[in-house]
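Descriptive analysis of the structure
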Protein chains: 4
Amino acid sequence: MAKPNIIKKAQLIEAAKQCVIENGIESLTFRSLAAKANVSQGTIYHHFQSKERLMIEIIENISEASWEELGSISDSKQFINDALSSALSRQQSNSSFHQLFLSLVVMSLHNKQMKNKISNLIKIENDNLSNILHKLDKDQWIEGISHEHLAILLNSLIDGIAIQSLTVENFPAEEIFESLYKLFSLLINIKGD
Amino acid sequence: MAKPNIIKKAQLIEAAKQCVIENGIESLTFRSLAAKANVSQGTIYHHFQSKERLMIEIIENISEASWEELGSISDSKQFINDALSSALSRQQSNSSFHQLFLSLVVMSLHNKQMKNKISNLIKIENDNLSNILHKLDKDQWIEGISHEHLAILLNSLIDGIAIQSLTVENFPAEEIFESLYKLFSLLINIKGD
Amino acid sequence: MAKPNIIKKAQLIEAAKQCVIENGIESLTFRSLAAKANVSQGTIYHHFQSKERLMIEIIENISEASWEELGSISDSKQFINDALSSALSRQQSNSSFHQLFLSLVVMSLHNKQMKNKISNLIKIENDNLSNILHKLDKDQWIEGISHEHLAILLNSLIDGIAIQSLTVENFPAEEIFESLYKLFSLLINIKGD
Amino acid sequence: MAKPNIIKKAQLIEAAKQCVIENGIESLTFRSLAAKANVSQGTIYHHFQSKERLMIEIIENISEASWEELGSISDSKQFINDALSSALSRQQSNSSFHQLFLSLVVMSLHNKQMKNKISNLIKIENDNLSNILHKLDKDQWIEGISHEHLAILLNSLIDGIAIQSLTVENFPAEEIFESLYKLFSLLINIKGD
DNA sequence: TATGAATGAGAATTCATTCAT
DNA sequence: CATGAATGAATTCTCATTCAT
């Protein structure tokens, strides 16, 4: 009685995410969600009491996924390869993540509750990356820049590239990531081991 | 008869931008715009034939502003100071630019025409920055990274930081920009003049 | 441009009143009103911005009618006949007035704005009656009871009888009004002219 | 197994009455009732098979209370004092009774079953009052007016005053009841014992 | 040009009711 | 007896858009 319900709610959230990715956040309506999830509109209101709640739960859902995503890496070069190539793949095959993320960011701009949740999500992601940098047993990657700040800069960079990748025609994502790779290699060598 | 019209249109666009900034893109409606601009809904339809057109013209308006913003800088250190501090100020006092920009990006995600316009806007900004880098008479700022790519990376970084700045609670914008400054100083010294 | 509009609005209010009388206030919906008035739902929202406003304007409409209804009577006996028989006719052929009135009273019970309007309406009706009593050139109809209080009591009585008349099966309205007539004749003779 | 059920039902009815009094009949929903009574919506459907039944049972509940309220009074002056002061107190501290009563009256206007029940309720109250008048051993209180009719008039008056008291701002309830008291004293003395 | 009344499609949300557990 | 998930119809309300003036 309890579990099947939880599963159902997760399904609804998954469907909602699909709606946003496929048709844009502006057409995430209860009607379209109901259609996509093959339930009645009433059912959706039984699970989420408002559209605001629905969007908040989507963010929470993404945040949970981020929590569980904490990687384990030991070699710095490997890390950069992994991190960047994973970022790259996110950009391309999995660009939907950023579509969703950006949409939610924009919706949160004028909604305190959503903003809090987005804030948490970003903090988690910053922490994740920061932890990874810590694990790679360097005191400091770049002179005068803490792991925390570097993580923020890196995540910002990834999000910013996502914006261009999602919108700019013929955006040379691969080349950009190669340049980014070079940049980091350079930085690491300067004051690295 | 021609001029007053153009002026009026510019006013409407300005009002529309204010609407988005103040209440979010989701509540940029013809009603609210009419109210803000103190004209009737019908009037807006005379100037913009649809909501899509309205949003496109907003992007065009921003793009034009970007065109005219091309700076003239000669000293690299000065440039970095200027660029970053201007970015910082944008983030803080003028964060509304990024609210607007991100909102339009998200709306464009599923609209080809808007996407083209956003694409152009970003290209212009990339070119702007690229030109500045060129002007500063260095062959290459960073080994193996073209001016164009560096410009893209920089703009991405600025947009990405904007996202965090707009959403993350107590985001340490100033500190982050200081770290960013250090990072760049470092890069420039490596293979600089 | 102005006048036809006013007329239209009045028509909508009239239709709304009919809806309440025919099907009860609980089924005064925008849908049913639109159907009854042969306009689209949007049109109704163009004229009344909310259901609350619609109901308030109905009360205002009734109030205006009350204002204009001020009678001119000179002979007391005649007045009693007139007043009571008019009340009686209201009860029967025109019982719809009280259906509407009671419905609006109940809706106003938890709505400040409506309550204010109903309050005004009742005060107008009390004043109307009070003025009539004044005109009939008696210092006091009944010893120790001011015209104002007597008017309130009379109007209350009429409303109270309406309740019974509208709900009680086989309510002997005519007989009750005869008794009421006797009562008043009696009172008038006690301390009358 | 039988009793606890009845008790529960009584509690639900009491909760329903509270809902109406606190938020108005239009927001007496199964949801809000379930919330107020701290049970599930389903539970309410076990006790009342429909909303109509619920409202009918509320009226029945009030009617039963009226049945049991039959007073025993012997002195006429005392009666008037009692009756009116009790009416007055109802008006003020216990005005909720009339809120509930009027709400149910209005809902019954277009529902035969409810109307029947309300009709019964009113008849009971009329009879109650009529009996009291009988008990006070007068042939007739007022010449030519039967006890029954006088009871109807009195109850109507009380209901009508309730309407004004519930809606009119700064309604001078106490003064009105004083005037009413004078009126009745007068009537009784005319053709009294 | 400018207005604002009118519209119909569709938005979010609520409701009474059913039913499997 | 009690629960609460599910439903679909209906409700209030908004929107972009049209059009006569």
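Here the structure is a predicted model, which is why all the values come from computation and not from measurement.

Helix and strand counts for chain A come out as nine helices and zero strands. Helices and strands appear in chain A in the N-to-C order α-α-α-α-α-α-α-α-α. The 193 residues of chain A split such that 52% are buried. In chain A, of all internal contacts separated by at least 6 residues, the share reaching a separation of at least 24 is 65%.

Now for the nonpolar core. Ranked by internal contacts, the top residues of the largest apolar core, which has 113 residues, are C:Ile58, C:Leu104, D:Ile58 and D:Leu104. Beyond its immediate sequence surroundings of up to four residues, D:Ile58 is in contact with D:Ile13, D:Ala16, D:Lys17, D:Leu28, D:Leu100 and D:Leu104. In this structure, A:Phe30, A:Met114, B:Ala34 and B:Ile161 belong to the second largest nonpolar core, which totals 112 residues.

So, about the pattern of salt bridges. Enumeration according to the criterion identifies 20 salt bridges over all chains in this entry. The partner of A:Glu60 in a salt bridge is A:Lys117, and the shortest N-O contact between them spans 2.7 Å. Here A:Glu60, found in helix α4 (residues 51-67), pairs with A:Lys117, found in helix α7 (residues 112-135); they are 57 residues apart in sequence, far enough to count as distant. For A:Glu60, a relative accessible area of 22% gives the class partly exposed. The closest approach of N and O atoms between D:Glu22 and D:Lys36, which form a salt bridge, is 2.5 Å. You can see D:Glu22 sitting in helix α1 (residues 3-23) and its partner D:Lys36 sitting in helix α2 (residues 30-37), a full 14 residues away along the chain.

What follows deals with the interface of chain C and chain D. Counting from both sides, the interface comprises 53 residues of chain C and, opposite them, 53 residues of chain D. Summed over the shared surface of chain C and chain D, the number is zero salt bridges. Looking at which element gives the most residues to the side of chain C that touches chain D, the answer is helix α8 (residues 147-167) of chain C, with 13 residues. The residue makeup of the side of chain C that touches chain D, split by class, is 27 nonpolar, 17 polar and nine charged.

A few words now on the relation of the copies chain A and chain B. Turning chain A through 180° and shifting it by 0.0 Å along the axis lays it on chain B, with an RMSD of 0.1 Å. The transformation just described matches what one would write down for a two-fold rotation axis. Of the residues that chain A buries at the interface, 100% are likewise interface residues in chain B, meaning the two copies contact each other through the same surface.

Another aspect to go through is helix α2 (residues 30-37) of chain C. Residue and element names in this part refer to chain C. Of all the residues in α2, the buried ones are Phe30, Leu33 and Ala34. Here the buried residues of α2 occupy an arc of 100° about the axis, which is enough to place them on one side. Opposite the packed face of α2, turned more than 90 degrees from it, sit the exposed residues Arg31 and Ala35. Positive backbone phi, at 60°, marks Asn38, one or two positions downstream of α2.

Rules and cut-offs
Within every chain, residues take consecutive numbers counted from 1 along the sequence as written. For this description, chains carry letters from A and ligands carry numbers from 1, given in the order in which they are written. Where totals are concerned, whole chains, interfaces and linings use all residues; where local detail is concerned, this predicted model gives features only for residues with pLDDT of at least 70, and gives and counts side-chain atom pairs only at 80 or more. Remark: hydrogens and water are excluded; side-chain values derive from all non-hydrogen atoms of the structure. Only DSSP runs of H or I covering at least 4 residues are called helices, and only runs of E covering at least 2 are called strands; the numbering of each starts at the N terminus. Only protein chains enter the calculation, and the probe is 1.4 Å; a residue is then buried if its accessible area is under 20% of its type maximum, exposed if over 50%, and partly exposed in between. What makes two residues a contact is simply this: any of their non-hydrogen atoms within 4.5 Å. Residues belong to a common nonpolar core when they are buried Ala, Val, Leu, Ile, Met, Phe, Trp, Tyr or Cys residues joined through side-chain atoms within 4.5 Å. For this document, the term salt bridge refers to a Lys or Arg side-chain nitrogen within 4 Å of an Asp or Glu carboxyl oxygen. Charged means Asp, Glu, Lys or Arg here, nonpolar means Ala, Val, Leu, Ile, Met, Phe, Trp, Tyr, Cys or Pro, and polar covers whatever is left, Gly included. Overlaid copies result from least-squares superposition on C-alpha atoms, with residues included only where pLDDT is at least 70 in both. Arc definition: directions from the helix axis to the C-beta atoms.

Note that all results are geometric; they support no functional claim without further evidence.
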